[in-house]
Amino acid sequence: MKALLIIALCIPAAAWSEEKAQTSELVGHLGSRAALLVLNATQGPDGGWRLTGEYILFPTQTRRFLQGERGPELGVTTLKEGSTPILYGHDPIGELRGIWRDGSFKGTRYAAGGQEREHFEFSEEFPPMHGYSAAVRCQAGESTLAYVAEQGRLKSFEWRSGACTLAGLRQQAAARGGMRLASGGCTVTLREVGELVKVAAEGCQAQCRGQAAPEPLMVERRGSCRLLRTQAR
């Protein structure tokens, strides 16, 4: 018992108060527009969460930056909205108020003066892609992407960007809310956001010669693509 007490006293206080952090990605709509919500969350001692991030509207890819809090029990969430990543010292241009609980975030967006603007609804679960079929070959920045999908299964896939070559990945069992390819620790995920498809890679240092994975791409219905740069990742 004395030994345990000595060990406990030797552990720095910071280890006991270490904060939990996570990044969440939610898909949904704000008013009539499809949107992607990306939030960094840091949990405080009271169980509440401090939030920073952004939402992106499609197809225009308009982005708005967010900062606020989520309550520890009921999930009451308030996010101030700005047009720049740093909101401190700037007047907000709007505010999202709602409940984020059980994987769903619903509420109302208000103007800076408090006027109700539009309702929003986001979900942590992306829609299934069982019936998705497409033949895509496009370029955006340094990225060249080509794939063929038939009824929710990828028949071929190749993504080249700088030092990265992501090809020959095998498809895993059907992923919830999208399609996923993997090889070793490298994964590529395709998810629907409104009428667009988001393509993102993680854990692909070996295929990228130690460099970062390619920036996420948004594939349009007609087959063209463009870079998606999210601030919260």
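Here is a short report on the structure shown in this document.

1. Regarding the sheet that holds strand S7 (residues 104-111)
Read around the barrel, eight strands follow the order S1-S2-S3-S4-S5-S6-S7-S8 and close on themselves; strand pairing throughout is antiparallel. Across this sheet, the average inter-strand angle for adjacent strands is 30°, counted without regard to direction. In this sheet, S7 lies alongside strand S6 (residues 94-101) in antiparallel orientation, the contact comprising eight bridges. Following the sheet pairing, tryptophan 100 is matched in S7 by phenylalanine 105.

2. Some words on the side chain of arginine 109
Structurally, arginine 109 can be placed in strand S7. The class of arginine 109 is buried, set by a relative accessible area of 14%. A polar side-chain atom of arginine 109 sits 2.9 Å from a polar atom in the side chain of glutamate 81. Among all residues touching arginine 109, those that are not within four sequence positions of it are Leu30, Tyr55, Glu81, Ile93, Glu95, Leu96, Gln115, Glu116, Arg117, Glu118 and Phe120.

3. Thoughts on the nonpolar core
In terms of nonpolar packing, the biggest core is built from 27 residues, with Leu145, Tyr147, Phe157, Trp159, Val188, Leu190 and Val199 touching the most fellow members. At the level of elements, strand S9 (134-140), strand S10 (143-150), strand S11 (153-161), strand S12 (164-167), strand S14 (179-183), strand S15 (186-193), strand S16 (196-202) and strand S17 (217-219) are the ones that each hand at least two residues to this core. Among residues more than four places away in sequence, those in contact with tyrosine 147 are Tyr132, Ala134, Ala135, Val136, Leu154, Ser156, Phe157, Leu190, Val197 and Val219.

4. Quick word on the state of the cysteines
Counted by the stated rule, this structure contains three disulfides. One disulfide in the model links cysteine 138 with cysteine 225; its S-S distance is 2.3 Å. One quick way to see it: the torsion about the S-S bond of cysteine 138 and cysteine 225 is about 115°, and its sign makes the bridge right-handed. On the criterion of sequence distance, the pair formed by cysteine 138 in strand S9 and cysteine 225 in strand S18 (residues 225-227) is long-range, its members being 87 residues apart. On the accessibility criterion, cysteine 225 (11% relative accessible area) is buried. The disulfide partner of cysteine 186 is cysteine 204, and the gap between their sulfur atoms is 2.0 Å.

Cut-off values and rules
- Residues numbered from 1 in each chain as written.
- Predicted model: local features only at pLDDT ≥ 70, side-chain atom pairs only at ≥ 80, totals over all residues.
- Heavy atoms only, no water.
- Pairing = 2+ DSSP bridges.
- Helix = DSSP H or I, 4+ residues; strand = E, 2+ residues; numbered from the N terminus.
- Axes fitted to C-alpha atoms, helices over the stretch in contact; angles between N-to-C directions.
- Buried < 20%, exposed > 50% of the residue type's maximum accessible area, 1.4 Å probe, protein only.
- Polar contact = N/O pair within 3.5 Å; in protein donor to acceptor, adjacent residues only side chain to side chain.
- Contact = heavy atoms within 4.5 Å.
- Core = buried A, V, L, I, M, F, W, Y, C linked by side-chain atoms within 4.5 Å.
- Disulfide = S-S within 2.5 Å.

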